[in-house]
Amino acid sequence: MSEPTGEAADANVSVHEGITYADREAGELELDLYLPDGERPPLVVYIHGGGWIAETRDNIPDPERYAAEWGCAIASVSYRLAEVPDDAGPEMQEMYDPANPTPRGTFPAHFVDVKAAIRWLRANAAEYGYDAERIGAWGSSAGGHLAMLAGVVEDVMDLGAAFDGELKKSVAPDTSGTVQAVVSWYGLTDFTFAADNAPGIPSLLLGGPASDHPKRFEQASPITHVSADSPPTLLMHGRADEVVAVEHSRRFFDALDEAGVNAVFYELHDRNHVWAEHIEDIESEREAMDLLTTEPTPSQSVYSATHVDDGGTPDPLLDTTLPAGPAAIEQFFARTIK
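The sections below set out a description of the structure shown in this document. Since we're looking at a predicted model, the values are computed, not measured. (Residues numbered from 1 in each chain as written. Predicted model: local features only at pLDDT ≥ 70, side-chain atom pairs only at ≥ 80, totals over all residues. Heavy atoms only, no water.)

## Thoughts on the nonpolar core
Logical step 1: Core analysis: the biggest nonpolar cluster contains 72 residues, and L33, L43, F107, F111, L121 and Y130 have the highest contact counts within it.
Logical step 2: It is helix α3 (residues 109-123) that contributes the most residues to this core, eight residues altogether.
Logical step 3: When residues no more than four places from it in sequence are discounted, the contact partners of Y130 are L33, L35, R40, P41, L43, A73, L121, N124 and A125.
Logical step 4: Y46, I60, I74 and F333 belong to the second largest nonpolar core, which has 34 residues in total. (Core = buried A, V, L, I, M, F, W, Y, C linked by side-chain atoms within 4.5 Å. Buried < 20%, exposed > 50% of the residue type's maximum accessible area, 1.4 Å probe, protein only. Helix = DSSP H or I, 4+ residues; strand = E, 2+ residues; numbered from the N terminus. Contact = heavy atoms within 4.5 Å.)

## Considering the pattern of salt bridges
Logical step 1: Inspection of every chain in the model, using the stated rule, returns 16 salt bridges.
Logical step 2: A salt bridge links D113 to R24; its shortest N-O distance comes to 2.9 Å. Here R24 lies in strand β2 (residues 13-24) and D113 lies in helix α3, a separation of 89 residues in the sequence.
Logical step 3: In this structure, E30 and R57 form a salt bridge, with 3.1 Å as the shortest nitrogen-oxygen distance. Here E30 is found in strand β3 (residues 27-36), whereas its partner R57 is found in the loop between β4 (43-47) and α1 (63-70), with 27 residues between them in sequence.
Logical step 4: One salt-bridge network, held together by shared partners, links D190, R239, E247, R250, R251 and E267. (Salt bridge = Lys/Arg side-chain N within 4 Å of Asp/Glu carboxyl O.)

## Considering the side chain of H273
Logical step 1: The topology assignment puts H273 in the loop between β9 (263-268) and α10 (288-292).
Logical step 2: Looking at H273, its side chain comes within polar contact range of the side chain of S141, at 2.8 Å.
Logical step 3: Separated by 2.8 Å, the side chains of H273 and D241 make a polar contact.
Logical step 4: With near-sequence residues (within four places) excluded, H273 lies in contact with S141, Y186, D241, V243, V244 and I282. (Polar contact = N/O pair within 3.5 Å; in protein donor to acceptor, adjacent residues only side chain to side chain.)

## Section: the packing of aromatic side chains
Logical step 1: Using the criterion set out here, one finds 15 aromatic pairs in the structure.
Logical step 2: Pairing Y46 with W138 gives two aromatic rings, centres 4.8 Å apart and planes at 80 degrees, and the pair type is edge-to-face. Here the residue Y46 occupies a position in strand β4, and W138 occupies one in strand β6 (residues 135-140), the gap between them amounting to 92 residues.
Logical step 3: Ring geometry for W52 and F191: centres 5.7 Å apart, planes at 45 degrees, overall tilted. Of this pair, W52 sits in the loop between β4 and α1 while F191 is found in helix α6 (residues 191-197), placing the two residues 139 residues apart along the sequence.
Logical step 4: Relative accessible area serves as the criterion here: at 0%, F191 is assigned to the buried category.
Logical step 5: Seen from the ring of F193, R251 lies directly overhead, with NZ or CZ sitting 4.2 Å from the centre. (Phe/Tyr/Trp six-rings, centres within 6.5 Å; stacked < 30°, edge-to-face > 60°. Lys NZ or Arg CZ within 6 Å of the ring centre and 35° of its normal.)

Have a look at this one:
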């Protein structure tokens, strides 16, 4: 096992930074691992946001604190980001940071890397001491999309014929890339819906407009792959979101419910993307959890789908009197992967 590279804010958490999990032609991909004290804790894989083109794995809410409080190991993973051409719109140009050291690639590279990270983490669980059989994915925005896609697509090679020849499994290829639970903050679930409402980034990501690549838009959408085998899911989304419409999470929740999958969905009434009150106030996910825990608690509605077999007893994912925030996420993981 590599030696911890830094002391956590909580003395009961060890930190391993810059672990290489894949070496791509565009460069090395790394992850940071936060390990709480305890025997074989479950693992939460965090996937950062940034519109699939920006940010780094540092874009995560206080992983040392939540690893300690939740009793879960947390791995924040890098994945290849999309290139932004010179003729891209001003919104994408503003997001793009040429100094970002993260390797670049074209979709489905993002998804290939997330699945590779999950397989690598499962294959190396014994070395670091977390439980390979209890893994959850948590993502925000673009990372929420990738977390949900990782949940509903069991194996990277199953993504679909639209991406044949671009799907590779070179990292721990014989290890499962499944996850047992998913948390999504304001993640995109349906590119076909997004194409009609925010065409710029989907077209950039998927190589052109939906009219030219209908199968790519369909297969890259988590909602396409929902089935009875999909993992339990916790969704949180702001009704006032101007970046990823709340309709994405509404549709995904309904699809999970229809498939018989247990799910919980929080709608925050007056919150925009990254839980900001106004779009001009949007900051990074690093500050996002703090915006959920301010007083007074943001107005919210909670919807729960709990499915029970004949003669069975309801086993809800969480106590829905908990407000959106760390306590709800902690209880969700406690009831799904702990």
